[in-house]
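The residues making up each chain are set out below.
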Amino acid sequence: MTDSRRLTIQELNDRVEAIFRKAGLNAVQAGAVARVIVAGERDACKSHGIYRIEGALRTMKAGKVRPDAVPELLVQEASAIVKVNAKGGFANSAFELGLPHVIERARAYGLAALVINDCTHFSALWPEVEALTEHGLAGIVMCPSYSSVAPMGGNKPLLGTNPFAFGWPRRDKPPYVFDFATSVAARGEIELHRRAGKPLPEGWAIDAAGQPTTNPDAALAGAMLPFGGHKGSAIGTMIELLAGIMIGDLTSPEALEALGSTTLVPPHGELILAFSPEKFAAGRPGDPFARAETLFEAIVGQGARLPSQRRFEARAKSEAEDILLTASEFEQLDRLLAL
Ligand code: NDP
Ligand code: PYC
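What this report covers is the structure whose coordinates are included nearby. The structure presented is a predicted model; accordingly, all values stated were derived computationally and were not measured.

1. Regarding the site of ligand 1
Consideration 1: Close contacts around ligand 1 come from 27 residues, with Ala124, Pro163, Phe180, Pro307 and Arg310 the closest.
Consideration 2: Those elements giving two or more residues to the shell around ligand 1 turn out to be strand S7 (176-180) and helix H12 (309-321).
Consideration 3: Classifying every residue of the shell around ligand 1 gives 14 nonpolar, eight polar and five charged.

The structure is reproduced here in structure tokens:
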């Protein structure tokens, strides 16, 4: 057993990218996939950090994602909708391809959408809303997943853990960003509890018989619960409608059917909405960014913290002190590199 060790962000990025290149993923996808996984590790978002590598590799090995896919951009003149077809590859390089175009359209029209179709998706969404806020835009990102969440009042997996993220740009400060599963927790959290031999908090899941459980194995065999009861259930359903059916892509039940397993990464689409606060607020009193600061100050003034603050602190620590990996995480990377 080697000791825990620190790697610079760049060193970790190089390693993760090399693992995917060695496994046969083309350069455009491997670069984008490595960036999002390393961002997760850097920001202490373990449920979507290096732990995700094995699932992505399994999905490649099962032939459920196209390692040679090159995303294709479809932009129509005078439309606020930018489409990228991921051609069966991972979503991340499709997002990178569409990003400058959705930014340009949101600036021109005030709002624009980036639709990603035919992708395989495993990542956190905050890197994508942050990419919009870096350009002074507010953003909403959402996607289905595969059936693993029972609707409120139901007892079997139907909805996905359907992540939902929002970002608001702030001058000279990190953006306001939240990003969460519409289940009580991301499915990755259940898997991390299982690996650590830890029980789940009450209220996260039901077993295959529909009874509440704190056992991660029973939860994985049963269903997760939506956050906030009927509210999370409805928001999860909205995501199926907007980021599945409306964009002509798979819903979570359809993704599970296509995949045939919950151990692989699901195929579906993704919807990214970008807004220009200046354009929306034009002609109205007050600067929207200054007014937002007043709101944030009032929140923090009550002793509350803003979402993503923990993440930004973790990022600053990783940038200053590099990323600390446990001995077993290090061995996992070495093992995957040697495959
Ligand atoms: P969490 O419950 O860990 O966190 C959700 C958000 O709430 C974060 O922005 C977090 O900020 C913020 N937050 C947490 N505690 C507080 C607090 N006390 N006060 C203010 N804000 C707070 O997220 P989930 O487990 O639900 O999701 C984790 C990740 O999983 C997400 O990034 C999501 O995109 C991803 N995911 C991806 C899926 C996919 O299909 N691709 C499916 C489901 C989830 P902070 O980080 O600073 O704590
Ligand atoms: O953590 O729920 C999750 C998840 C599903 C797909 C990617 N992440």
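There's more to say after this.
2. Digging into the site of ligand 2
Consideration 1: Inspection of the region around ligand 2 gives Ser47, Phe122, Ser145, Thr161, Ala181, Ala186, Arg187 and Gly188 as its neighbouring residues.
Consideration 2: Of the residues assigned to the shell around ligand 2, the class counts are three nonpolar, four polar and one charged.

3. Considering the pairing of strand S2 (residues 72-75)
Consideration 1: Where S2 lies against strand S3 (residues 81-85), four bridges are found, and the strand directions are antiparallel. Residue pairing for S3: glutamate 72 is matched across the bridge by asparagine 85.

4. Let's talk about the packing of helix H2 (residues 27-42) against helix H4 (residues 91-109)
Consideration 1: At a minimum axis separation of 7 Å, H2 and H4 run at an interaxial angle of 95°. The angle between the axes of H2 and H4 places the two elements in the roughly perpendicular class. Listed contacts from H4 to Val28, Gln29, Ala32, Val33 and Val36 of H2 are Asn92, Ser93 and Glu96.
Consideration 2: Taken together, the residues that form the contact of H2 with H4 break down as four nonpolar, three polar and one charged.

5. A few points about the sheet that holds strand S9 (residues 212-213)
Consideration 1: An order of S9-S8-S10 is seen for the three strands of this open sheet, with the pairing classed as antiparallel. Here the strands that pair on one side only, and so sit at the sheet edges, are S9 and strand S10 (223-224).
Consideration 2: As paired strands, strand S8 (residues 205-206) and S10 are joined by two bridges and run antiparallel to one another. Considered in S10, the bridge of alanine 205 is made with methionine 224.

6. Overview of helix H3 (residues 52-61)
Consideration 1: Those residues of H3 that fall on the buried side of the exposure criterion are Arg52, Ile53, Ala56, Leu57, Thr59 and Met60. The buried residues of H3 all sit within an arc of 160° when viewed along its axis, so they share a single face.
Consideration 2: The inward-facing, buried residues of H3 contact helix H1 (9-22), H2, strand S4 (111-120) and helix H13 (327-338).
Consideration 3: Directly after H3, the chain includes glycine 63, whose backbone phi takes a positive value near 75°.

7. As for the environment of glycine 110
Consideration 1: Looking at the element boundaries, glycine 110 is found in the loop between H4 and S4.
Consideration 2: Overall, the presence of 16 C-beta atoms within 10 Å leaves glycine 110 in the partly exposed class.
Consideration 3: When the C-alpha positions of glycine 110 and leucine 241 are compared, they lie 23 Å apart, and in sequence the two are 131 residues distant.
Consideration 4: Among residues more than four places away in sequence, those in contact with glycine 110 are Ser276, Lys279 and Phe280.

Reading the values: rules and limits
Residues numbered from 1 in each chain as written. Chains lettered and ligands numbered in written order. Predicted model: local features only at pLDDT ≥ 70, side-chain atom pairs only at ≥ 80, totals over all residues. Near = placed C-beta within 6 Å. Helix = DSSP H or I, 4+ residues; strand = E, 2+ residues; numbered from the N terminus. Nonpolar A, V, L, I, M, F, W, Y, C, P; charged D, E, K, R; others polar. Pairing = 2+ DSSP bridges. Axes fitted to C-alpha atoms, helices over the stretch in contact; angles between N-to-C directions. Parallel < 35°, antiparallel > 145°, perpendicular 65-115°, else oblique. Contact = placed C-beta atoms within 7 Å. Buried ≥ 20, exposed ≤ 12 C-beta atoms within 10 Å, placed from the backbone. Arc of directions from axis to C-beta.

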